[in-house]
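Examining the three-dimensional arrangement
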Amino acid sequence: MSLRPLFEGAGGRLLDLPVLHAADPFLETAGEDIRRRMFVTEGPSGERLALRPDFTIPVCLHHLRSGVEAGRYFYEGVVFRRHDRGSAERAETGFEVIGEAERANVDAELLALAVEGVRRTGLAGMRLRIGDIGLFTALLAALELPQAWRQRFRRAFGADRRIEVLIARFEETASASVPSRLEPDLEKAAGDQDQEALTTLLAERFEAQGYQAYASRAPEEIAARFLEQRALYETEIAPEKVAVLKAFLAIEATPQDLPERLAEFGRRFGIDLKEPGARLERRMQKLERRSSGLEVVFEAGFGRALDYYTGLVFEIRDAATGRTAAGGGRYDRLLEMLGADRPIPAAGFTIDLGEARTFAGALGSGLGGVS
């Protein structure tokens, strides 16, 4: 069954997006997981180009170029990412809503749309996981963690193994060694936490040694990561904060049980998450009303491996096999990261259509996403 009538009925406009894009928007905003899976090459003028690893960033760039206040878009085609197993070419379709301020209503509508879209691809038994990076970020702030630790935990959110490693390091900071010393001028800049000076010095050394692509990382990012790493090793953390983190990440609840579970957590640890918790509860209530008959669970440690998400995220899995059929969420910071001069609310999802060699299309249009 075609998904095009479903997406058009939700107000979406079909986009036909290029396969080849400038690499920097993906490298700078999508995060480490996408970075290491991308296919990057060099254009005729030395510019970095990439086969698109996802559709969300190209859709956002299209929206910014269009100049409209709000838009709803859908698409279909092949994305290119290295995987541990299987083909690097995956077919996807998806839907994005940009510029609409009614966040809770949009989140609930998108989830219902994703569920119906997955049903129309032929999957009947589904399990829905919900997470909220905004709630986790609020917890990190309430714990008054140093900024370097907040950034590291924020980037690792949703990757269970990375979180486990960070918590283990969190518990061992007292015995950790500070990163090795640098050349005197670099060491002075690092010791002063002067990221601008450290960036300038690194850029000069790269230029002198003939490096141009910086191994896909700019001097600014290398300097920031080094200063962050040093701050991680030099900071001592109270053991009770480790216990709070572990207890939070272990929370799992149905939409009905979630308010009491969050309240219980707050009472036990003296952590005030009332405001972000209330936002999440409102969304969960709306989601529940629009996903009747579907198994829904909130998992406090669930996130998606893309740095641009800012709020509620979700994933639809095949209840029988565990295969991820669709996923998405809210990414309110992304358009500013891509050049917008003000915050723009945005959310969306993608549906996995399988390996490209078996891709038959779901929109009923023959569109392959190539222009």
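Values in this document were obtained by computation on a predicted structure and should not be read as measured data. (Residues numbered from 1 in each chain as written. Predicted model: local features only at pLDDT ≥ 70, side-chain atom pairs only at ≥ 80, totals over all residues. Heavy atoms only, no water.)

**A closer look at the pattern of salt bridges**
Heads up, the condition is: We count a salt bridge whenever a side-chain nitrogen from Lys or Arg sits within 4 Å of a carboxyl oxygen from Asp or Glu. Counting from the N terminus, the helices are DSSP H or I runs at least four residues long and the strands are E runs at least two residues long. Burial classification: accessible surface area is computed with a 1.4 Å probe over protein chains only, and a residue below 20% of its type maximum counts as buried, one above 50% as exposed, and the rest as partly exposed.
Evaluation of the coordinates by the stated rule reveals 21 salt bridges. The partner of Glu-315 in a salt bridge is Arg-129, and the shortest N-O contact between them spans 3.1 Å. Of the two residues, Glu-315 sits in strand E10 (residues 312-318) while Arg-129 sits in strand E7 (residues 126-132), which places them 186 residues apart along the sequence. Each member of the pair Glu-315 and Arg-129 is classed as buried. Connected via shared salt-bridge partners are Arg-127, Arg-129, Glu-295, Glu-299, Glu-315 and Arg-317.

**Digging into the side chain of Asp-54**
Applicable threshold: N or O atoms closer than or at 3.5 Å make up a polar contact, with two conditions inside protein: a donor-capable atom paired with an acceptor-capable one, and, for residues adjacent in sequence, both atoms drawn from side chains. By the convention used here, residues are in contact when the closest approach between their heavy atoms is within 4.5 Å.
As for its position among the elements, Asp-54 is in the loop between strand E4 (48-51) and helix H4 (56-66). At 3.4 Å, the side chain of Asp-54 and the backbone nitrogen of Ile-57 are in polar contact. Setting aside its immediate chain neighbours within four residues, Asp-54 contacts Phe-26, Val-79, Arg-81 and Tyr-308.

**With respect to the sheet that holds strand E12 (residues 346-355)**
Let me state the cut-off plainly: The criterion for strand pairing is that DSSP finds at least two bridges linking the strands in question.
An order of E1-E5-E6-E12-E11-E10-E7-E9-E8 is seen for the nine strands of this open sheet, with the pairing classed as mixed. Two strands bound the open sheet, and with one partner strand each, they are strand E1 (13-14) and strand E8 (252-253). Bridge analysis of strand E11 (residues 324-330) against E12 gives five bridges, and the strand direction is antiparallel. Residue pairing in the sheet places Arg-330 in a bridge with Ala-347 of E12.

**So, the packing of helix H6 (residues 133-142) against helix H7 (residues 147-156)**
Heads up, the condition is: Axis angles are defined between N-to-C directions and span 0 to 180 degrees, where every axis is a line fitted to C-alpha atoms and, for a helix, only to the segment in contact. Here is the rule for angles: anything less than 35 degrees is roughly parallel, anything more than 145 is roughly antiparallel, 65 through 115 is roughly perpendicular, and the remaining ranges are oblique. Helix crossings get a hand from a simple test, with the near helix turned counterclockwise from the far one by less than a right angle marking a left-handed crossing and a clockwise turn marking a right-handed one.
Contact geometry of H6 with H7 gives a least axis separation of 10 Å together with a crossing angle of 160°. Between H6 and H7, the angle falls in the class roughly antiparallel. Crossing angle aside, the handedness with which H6 passes H7 is right-handed. Across the interface between the two elements, Ile-133, Phe-136, Thr-137, Leu-140 and Ala-141 from H6 touch Arg-150, Phe-153 and Arg-154 from H7.

**Overview of the confidence of the model for the protein**
Let me state the cut-off plainly: Per-residue confidence from the predictor is reported as pLDDT, a score between 0 and 100.
Overall, the prediction assigns the protein a mean pLDDT of 82, with 79% of residues at 70 or greater. Predicted confidence is poor over residues 366-371, with pLDDT under 50, and the contacts of this stretch with residues over four places away or in other chains come to 22 contacts.

**Structural notes on the side chain of Glu-92**
Along the chain, the position of Glu-92 falls in strand E6 (residues 89-98). What makes Glu-92 buried here is its relative accessible area of 9%. Non-local contacts of Glu-92, meaning those with residues more than four positions away in its chain, are made with Phe-55, Tyr-75, Glu-76, Gly-77, Val-79, Arg-81, Thr-350, Ile-351 and Leu-353.

**Considerations on helix H5 (residues 103-120)**
Given 3.6 residues per helical turn, the α-helix brings residues three or four places apart onto the same face. Heads up, the condition is: Helices are assigned an expected span. That span is 1.5 Å times one less than the residue count.
With 18 residues, H5 should reach 26 Å at 1.5 Å per residue; the first-to-last C-alpha distance of 26 Å fits that figure. Within H5, burial applies to Ala-104, Val-106, Asp-107, Ala-108, Leu-110, Leu-111, Ala-112, Leu-113, Ala-114, Val-115, Gly-117 and Val-118. Gly-122 occupies a position one or two residues after H5 and carries a positive phi of about 110°.

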